[in-house]
Amino acid sequence: MQAANDNAGERGRNGASAGASPARPLVQKFGGTSVGDAAAMRAAAELVRAASPQPVLVVLSAMARVTDELLALARLAASGAAQPAEELRLRLMERHRVTAEELFATRVPEDLARDFEEQGAELARLLAALHGGSGKPASARQLDAIAGLGERLSTRVFARYLRHLGAAAELVDAGAVLVTDDAFGAAAPRFERIATLAREHFAPRLAPGRIVVTQGYVGRSEAGEPTTLGRGGSDYSAAIFGAALGASEIQIWTDVEGVLTADPRRVERARPIAQLSAAEAGELAAFGAKVLHPATIHPAVEAGIPVTVRHTRRPSGRFTTITKNGSSGRDVVAIASRGPIHVITASSPRMLQQAGFLARLFEVFARRRVSVDLVATAELSVSLTVEHEAPVRSLAEEIAAFAEVSVAEERAIVAVVGERLKRTRGVCTRVFDALAEMPIELISMGANEINLSVVVERKLEQDVVRRLHAALIESEGGGER
Ligand code: ADP
Ligand code: ASP
Ligand code: MG
């Protein structure tokens, strides 16, 4: 390893400690609803200022629903609906302007008004390129350039507002730091490059009392084109930046009091979880707990940085702390679910004798870059689950060349997650008792044994989640501190 003669480099790896080094920065990420209107932005700005003098890297999402609208806009434009697209573009720009007027007491500062003009014109230009596309759907590359504009707009408003309040806040575009590959729509970060660039662009600006504002979700390819990390990717950005800077903590500010024992939209009795291990949090996110992007935990854990999930409107309420070895102290921590998904079943008498059957089957998925989530094998068949977007028809056609194949659509995965599942006797029995009357189509226990998953028809998803929550969590007062 290189000699540690570079202060910033040393800080990046180990985090600054007491003494001569400046304080380690805090990363605060605010999700869409936490910057969804002027009142929310005011509340978020208060939280940022309250952290001072600790230097803060603020990572922002687009205002609530803006990413959806931008993607809808792109699709409209590509389908040739120029007029509706233009109306939607104007409404979206207007919403930002009205938010700014409220924040700045009616007069939008000139530099911000100029930013709006520039971003609005950029959006119009990108949409015009789609109109010219003769009805072809927008490419992933074009969608990424458009989708990222939501974060560009929200960060411009927020950074300007912090300065208006007298804070030493500076906007640094995430594209200067977050270099990715060119898998548009779900780009993979280049961690080493990012670490170097974070030291170059963020670290020198993160002195005590200072704030840097940047975008979540967006990056740029090696060739300099805009990319995104995939939907919900702002959490991931926060974790990547936090790891690169050796942050003291990564705070994910959202609209719930942390990670709960189930999605509160499905289960009213879901309760906040105080402590979670990184493995549990990762598993929950992967199985559908939207509160965290599935890849969030990894970079933070590698760097030994705690991730907390907190409610923007109840900052002194309960919250969740996720650390590598954190523990909820419970056998079953939470129930997560994800749907719709498809189940593909391939059966063949040859499975018994042919060693290469599974290899051949999985090769079909690998070649098409379709990731398989759950797998269950029986004597003569294999069932596996794939995302809703997977090209099931063509996968099935290809598999039909060497096996009988059937596809079940409109299914959902429901997962029981808990690090101590493996050591707990009777969890399976309790799961089966709770679901005694429900038709379960597939069961899988993760290799790491921290999730037990079942596949059911999608129309039963809600019911199954509730039954499992009642039987495994409510019965034990789960989640409450
Ligand atoms: P943000 O815009 O702040 O990133 P998201 O909408 O992406 O917020 O994530 C927060 C939402 O995640 C919550 O409103 C909640 O409905 C949903 N959610 C799903 N599962 C869980 C869970 N286990 N705990 C907390 N929230 C969950
Ligand atoms: N704005 C992006 C989205 O809606 C990223 C995020 O909010 O995390 O997916
Ligand atoms: Mg999110």
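Residues numbered from 1 in each chain as written. Chains lettered and ligands numbered in written order. Predicted model: local features only at pLDDT ≥ 70, side-chain atom pairs only at ≥ 80, totals over all residues. Heavy atoms only, no water.

**Q** Break down the overall build of the protein for me, citing the residues and quoting the values.
**A** When its secondary structure is counted, the protein shows 15 helices and 17 strands. Whereas a compact globule of 481 residues would reach a radius of gyration of roughly 23 Å, the protein reaches 24 Å, a difference of no more than 12%. Once the C-alpha set of the protein is aligned to its principal axes, its extents read approximately 70 × 60 × 50 Å. Within the span of the protein, comprising 481 residues, buried residues form 52% of the whole. Here the contacts in the protein between residues at least 6 apart in sequence split such that 76% fall between residues at least 24 apart. Looking at the protein as shown, the accessible area adds up to about 21200 Å², and 49% of this sits on carbon and sulfur atoms. In the protein, 57 side chains carry a positive charge and 58 a negative one; their mean positions are 3 Å apart. (Helix = DSSP H or I, 4+ residues; strand = E, 2+ residues; numbered from the N terminus. Rg over C-alpha atoms; globule rule 2.2 N^0.38 Å. Buried < 20%, exposed > 50% of the residue type's maximum accessible area, 1.4 Å probe, protein only. Contact = heavy atoms within 4.5 Å. Areas by Shrake-Rupley, 256 points an atom, 1.4 Å probe, with all protein chains shown as cover. Lys, Arg positive; Asp, Glu negative; His and termini not counted. Charge placed at Lys NZ, Arg CZ, Asp CG, Glu CD.)

**Q** How would you explain the site of ligand 2 if you had to name every residue and give the values?
**A** Taken together, S61, A62, T67, E151, Y217, R231, G232, G233 and S234 make up the full set of residues adjacent to ligand 2. Within the backbone of S234, a nitrogen or oxygen atom sits 3.0 Å from an oxygen atom of ligand 2. Out of a free accessible area of 260 Å², ligand 2 has 85% covered by protein chains. The residue inventory of the shell around ligand 2, partitioned by class, reads two nonpolar, five polar and two charged. (Near = heavy atom within 4 Å. Polar contact = N/O pair within 3.5 Å; in protein donor to acceptor, adjacent residues only side chain to side chain. Nonpolar A, V, L, I, M, F, W, Y, C, P; charged D, E, K, R; others polar.)

**Q** If you had to explain the sheet that holds strand β6 (residues 218–221) to someone new, which residues and values would you point to?
**A** Spatially, β4-β6-β7 is the arrangement adopted by the three strands of the open sheet, whose pairing is mixed. Whereas interior strands pair on both sides, the edge strands pair on one side only; in this sheet they are β4 (179–180) and β7 (226–228). Where β6 meets β7, three bridges bridge the pair, whose relative direction is antiparallel. Bridging from a neighbouring strand, R220 pairs with P226 of β7. (Pairing = 2+ DSSP bridges.)

**Q** Break down the environment of D263 for me, citing the residues and quoting the values.
**A** Its location among the elements puts D263 in the loop between β8 (249–254) and β9 (275–277). Separated by 30 residues in the primary sequence, D263 and H293 have C-alpha atoms spaced 14 Å apart. At 2.9 Å, the side chain of D263 forms a polar contact with the backbone nitrogen of R265.

**Q** Which residues make up the sheet that holds strand β16 (residues 442–445), and what values do they have?
**A** One open sheet accounts for six strands, arranged β13-β14-β12-β15-β17-β16; its pairing is antiparallel. What marks the edges here is a single partner per strand, and that holds for β13 (372–377) and β16. Strand-to-strand twist of the sheet, defined as the mean angle between neighbouring strand axes without regard to direction, takes the value 30°. Inspection of the sheet shows β16 paired to strand β17 (residues 451–457) by four bridges, in the antiparallel sense. By the bridge assignment for β17, I443 is matched with V454. Here helix α13 (residues 392–399) sits on the sheet and contacts β12 (334–347), β14 (381–387) and β15 (404–417); the angle it forms with β15, its principal contact strand, is near 120°. Against the sheet, helix α15 (residues 461–472) contacts β12, β15 and β17, and its axis sits at roughly 125° relative to β12. (Axes fitted to C-alpha atoms, helices over the stretch in contact; angles between N-to-C directions.)

**Q** I'd love a proper account of the side chain of T228, names of residues and values included.
**A** Looking at where T228 falls in the secondary structure, it is placed in strand β7. Looking at T228, the relative accessible area reads 0%, which means it is buried. Contact partners of T228, with chain neighbours within four places excluded, come to D144, A147, G185, A186, A187, Y217 and V218.

**Q** Requested: an account of the site of ligand 1, with residues and values cited.
**A** What surrounds ligand 1 is a group of 16 residues, the closest being T254, D255, L260, R265 and K290. A distance of 2.9 Å separates an oxygen atom of ligand 1 from a polar atom in the side chain of D255. When ligand 1 sits alone it has 570 Å² of accessible area, and the protein chains cover 90% of it. Partitioning the shell around ligand 1 into residue classes produces seven nonpolar, four polar and five charged.

**Q** Tell me about the packing of helix α3 (residues 66–78) against helix α5 (residues 110–131), and please be specific about residues and values.
**A** For the pair α3 and α5, the least separation of the axes is 7 Å and the interaxial angle reads 35°. α5 is crossed by α3, and the crossing has right-handed handedness. Two secondary-structure elements touch here, α3 through L70, L73, A74, A77 and A78 and α5 through L123, L127, L130 and H131. Classifying every residue of the contact of α3 with α5 by side-chain character gives eight nonpolar, one polar and no charged. (Left-handed = near helix turned anticlockwise from the far one by under 90°.)

**Q** Lay out the packing of aromatic side chains in plain terms, naming residues and giving numbers.
**A** In the structure shown here, the tally under the stated rule is five aromatic pairs. Centre to centre, the rings of F30 and W253 are 6.2 Å apart; their planes meet at 15°, and the pair counts as stacked. In this pair, F30 sits in strand β1 (residues 26–30) while W253 sits in strand β8, placing the two residues 223 residues apart along the sequence. Given the relative accessible area of 3%, W253 is considered buried. Taken together, a centroid distance of 6.0 Å and an interplanar angle of 75° make the contact between F357 and F402 edge-to-face. On the criterion of sequence distance, the pair formed by F357 in helix α12 (residues 357–367) and F402 in the loop between α13 and β15 is long-range, its members being 45 residues apart. Under the relative-accessibility criterion, F402 is labelled buried at 5%. Clustering of aromatic rings is evident, with ring pairs tying together F30, F158 and W253. (Phe/Tyr/Trp six-rings, centres within 6.5 Å; stacked < 30°, edge-to-face > 60°.)

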